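Results of the structural survey
Chain by chain, the residues run as shown.
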Amino acid sequence: MTISPAVVIGTGLVGASVGCALTAAGHRVHLEDRSLSHARVAAGVGAGTLDPAVGTEVALVVVAVPPNALAPVIIDGLHRFPYATVTDVGSVKAGVLNALWDSDADVARYVGSHPMAGSQFSGPVTARADLFTDRTWVIAPHRKSAQAATDTVRELVRACRAQEVIMDVDVHDAAVARVSHLPHLMSVLMAGRLTEVPAEQLQLAGQGLRDVTRIAGSDPGLWQQILGANSGALLPELRAIQDQLGELIKAIEDDRAGRPEPARRNGQDGTGAGASELRPHLERGVAGTRRIPGKHGAAPVQYRRLVVEIPDTPGALSRLFAGVGQAGVNVEDIAIQHDPDRQLGYLSLAVDPDQADALSTAMTAAGWVVGEPDPSPDLPD
Ligand SMILES: NC(=O)C1=CN([C@@H]2O[C@H](COP(=O)(O)OP(=O)(O)OC[C@H]3O[C@@H](n4cnc5c(N)ncnc54)[C@H](O)[C@@H]3O)[C@@H](O)[C@H]2O)C=CC1
Ligand SMILES: O=C(O)C(=O)Cc1ccc(O)cc1
């Protein structure tokens, strides 16, 4: 199954990253964008060439334009590249397919797809060849798609080093409402509250707030289109959150009402009925985090986090990683938190629980200050 030469239409973050990944894998990629400057930047970062493709030679077309532009650009691609498989990377799939049914295009050569990777940034400047490495990439064949077209898209996913998941269009849209679009809106609501927080209070912001609000920094124009295209699947999710927010408020109100006045003033633990109503919400949150699959879609893994103090001096990080490497421990995830008052940072290392004690001992022996964040709360069976 060949995917060369390929044409990428829309050379923003995702399109240029696809171009870079395919180019790095040895494929010839032609770039098109309605903004010539985007196409030029994409070519500059190694996504492909601005030379026009020969229409009849193209094997694969990847459409990476904003959601509202997807259907007409896909239809145009099916006409201009008569032997090519055409896919798109759009975040919502059903509306695009419906528009294709209503067109005169050769729908058999279209198989939609969706890499579950990206960022809060837009445009080709932040494109990366490794954006999709080890990330899930959904392929959504339909009742009229040719097997050869699906196989070609599978080859694209492999060339971008992603993990394919084959999924029905409607199931995909329901899934992204839950794992991508609702989380996006939660991030937006939280970040929006910050516009009312005085600057001196924002100085207290820690990593948790940054984690929760990162994706709220995404392009509102793009997200207006994504959310609009998936409103049918999104609305029940929003209503469920609305109900849960109501329950949460009630649990906290009951807790407050159940405390004697002196305890309330001193901020002591609640003893009223509300305290016990709040806990299930917190425990459900812990349970939810544990359901998120680990790398490569594997079963969720609970890592242990060690926190190592690092002096804010040149070379400290590389010495620390050299030490971890010598201990023979694989680091699954890292996060850095800076201490604004001391010349220090805190590096949180997520490691296999079976290796954590040995690493802690080795790092302490090498002179590092190693701690561990509070353990997770116990969960009911
Ligand atoms: N941003 C993200 O993290 C992810 C986005 N997606 C999907 O990928 C697609 C592209 O998103 P991004 O790369 O983030 O957007 P972007 O804004 O970085 O890039 C979009 C590009 O399409 C071009 N364009 C717009 N209309 C066009 C048209 N009619 N013909 C040719 N070029 C056109 C723009 O000039 C721009 O270069 C969207 O459909 C989005 O839903 C999928 C996965 C992740
Ligand atoms: O930045 C992130 O964490 C994302 O989740 C990016 C993203 C945005 C839109 C998609 O359709 C898929 C992925």
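The protein chain carries the name Prephenate dehydrogenase in an unreviewed UniProt entry, which gives Microlunatus elymi as its organism. Database annotation for the protein chain, UniProt heading Catalytic activity (unreviewed entry): "prephenate + NAD(+) = 3-(4-hydroxyphenyl)pyruvate + CO2 + NADH". UniProt's Sequence similarities (unreviewed entry) comment on the protein chain is quoted here verbatim: "Belongs to the prephenate/arogenate dehydrogenase family."

**Description of the overall build of the protein chain**
The helix and strand tally for the protein chain stands at 14 helices and eleven strands. Principal-axis analysis of the C-alpha atoms places the extent of the protein chain at approximately 80 × 50 × 45 Å. The long-range share in the protein chain, meaning contacts at least 24 apart out of those at least 6 apart in sequence, stands at 70%. Accessible surface, the protein chain as shown: approximately 20,800 Å² in total, 54% of it carbon and sulfur. Of the side-chain charges in the protein chain, 32 are positive and 44 negative, and the distance between the mean point of each set is 1 Å.

**Quick word on the nonpolar core**
Ranked by internal contacts, the top residues of the largest apolar core, which has 31 residues, are V18, L22, V62, F132, W137, L156 and C160. Looking at this core, the elements with two or more residues in it are strand 1 (6-9), helix 1 (13-24), strand 2 (29-32), strand 3 (60-63), strand 6 (136-140) and helix 5 (147-159). Leaving out residues up to four positions away in the same chain, V18 has contacts with V8, V62, F132, W137 and L156. Judged by nonpolar contacts, the second largest core, of 22 residues, contains I9, V61, I75 and L97.

**Comments concerning the site of ligand 2**
In the vicinity of ligand 2, the contacting residues are S91, H114, G118, S119, R214, I215 and W223. Interatomic distance of 2.7 Å between a side-chain N/O atom of S91 and an oxygen atom of ligand 2. H114 is positioned with one of its side-chain polar atoms (N or O) 2.6 Å from an oxygen atom of ligand 2. Across the complex, the protein chains shield 80% of the 340 Å² of accessible surface that ligand 2 would expose by itself.

**Comments concerning the packing of helix 6 (residues 169-193) against helix 10 (residues 231-258)**
In the contact formed by helix 6 and helix 10, the axes pass within 9 Å of each other and the chain directions differ by 50°. Taken together, the axes of helix 6 and helix 10 are oblique relative to one another. In terms of crossing hand, the pair formed by helix 6 and helix 10 is right-handed. Where helix 6 abuts helix 10, its residues D173, A174, A177, R178, H181, L182, L185 and M186 lie against A233, L234, E237, L238 and I241. Along the lines of polarity and charge, the residues of the contact of helix 6 with helix 10 split into nine nonpolar, one polar and three charged.

**Quick word on the packing of aromatic side chains**
The relation between two aromatic rings is expressed through the spacing of the ring centres and the mutual angle of the planes. Applying the stated criterion across every chain, the model contains one aromatic pair. The ring of W101 carries R143 above its face, with NZ or CZ at 4.4 Å from the centroid.

**Digging into the sheet that holds strand 9 (residues 331-339)**
Strand order in the open sheet formed by four strands is 9-10-8-11, and the pairing between neighbours is antiparallel. The open sheet is flanked by strand 9 and strand 11 (370-371), the only strands paired with a single partner. Docked against the sheet, helix 13 (residues 316-326) engages strand 8 (304-311), strand 9 and strand 10 (344-351), running at close to 25° with respect to strand 10. Lying over the sheet, helix 14 (residues 353-365) contacts strand 8, strand 10 and strand 11, oriented at roughly 20° with respect to strand 8.

**Details of the domain arrangement of the protein chain**
Once the domains are mapped, the protein chain shows domain 1 (6-169), domain 2 (230-296) and domain 3 (304-371). Inter-centroid distance (C-alpha atoms) of domain 1 to domain 3 is 40 Å.

What counts and what doesn't
Residues numbered from 1 in each chain as written. Chains lettered and ligands numbered in written order. Predicted model: local features only at pLDDT ≥ 70, side-chain atom pairs only at ≥ 80, totals over all residues. Heavy atoms only, no water. UniProt positions renumbered as here; feature names shortened; annotations may be inferred. Helix = DSSP H or I, 4+ residues; strand = E, 2+ residues; numbered from the N terminus. Contact = heavy atoms within 4.5 Å. Areas by Shrake-Rupley, 256 points an atom, 1.4 Å probe, with all protein chains shown as cover. Lys, Arg positive; Asp, Glu negative; His and termini not counted. Charge placed at Lys NZ, Arg CZ, Asp CG, Glu CD. Core = buried A, V, L, I, M, F, W, Y, C linked by side-chain atoms within 4.5 Å. Buried < 20%, exposed > 50% of the residue type's maximum accessible area, 1.4 Å probe, protein only. Near = heavy atom within 4 Å. Polar contact = N/O pair within 3.5 Å; in protein donor to acceptor, adjacent residues only side chain to side chain. Axes fitted to C-alpha atoms, helices over the stretch in contact; angles between N-to-C directions. Parallel < 35°, antiparallel > 145°, perpendicular 65-115°, else oblique. Left-handed = near helix turned anticlockwise from the far one by under 90°. Nonpolar A, V, L, I, M, F, W, Y, C, P; charged D, E, K, R; others polar. Phe/Tyr/Trp six-rings, centres within 6.5 Å; stacked < 30°, edge-to-face > 60°. Lys NZ or Arg CZ within 6 Å of the ring centre and 35° of its normal. Pairing = 2+ DSSP bridges. Domains from an automatic or database assignment.

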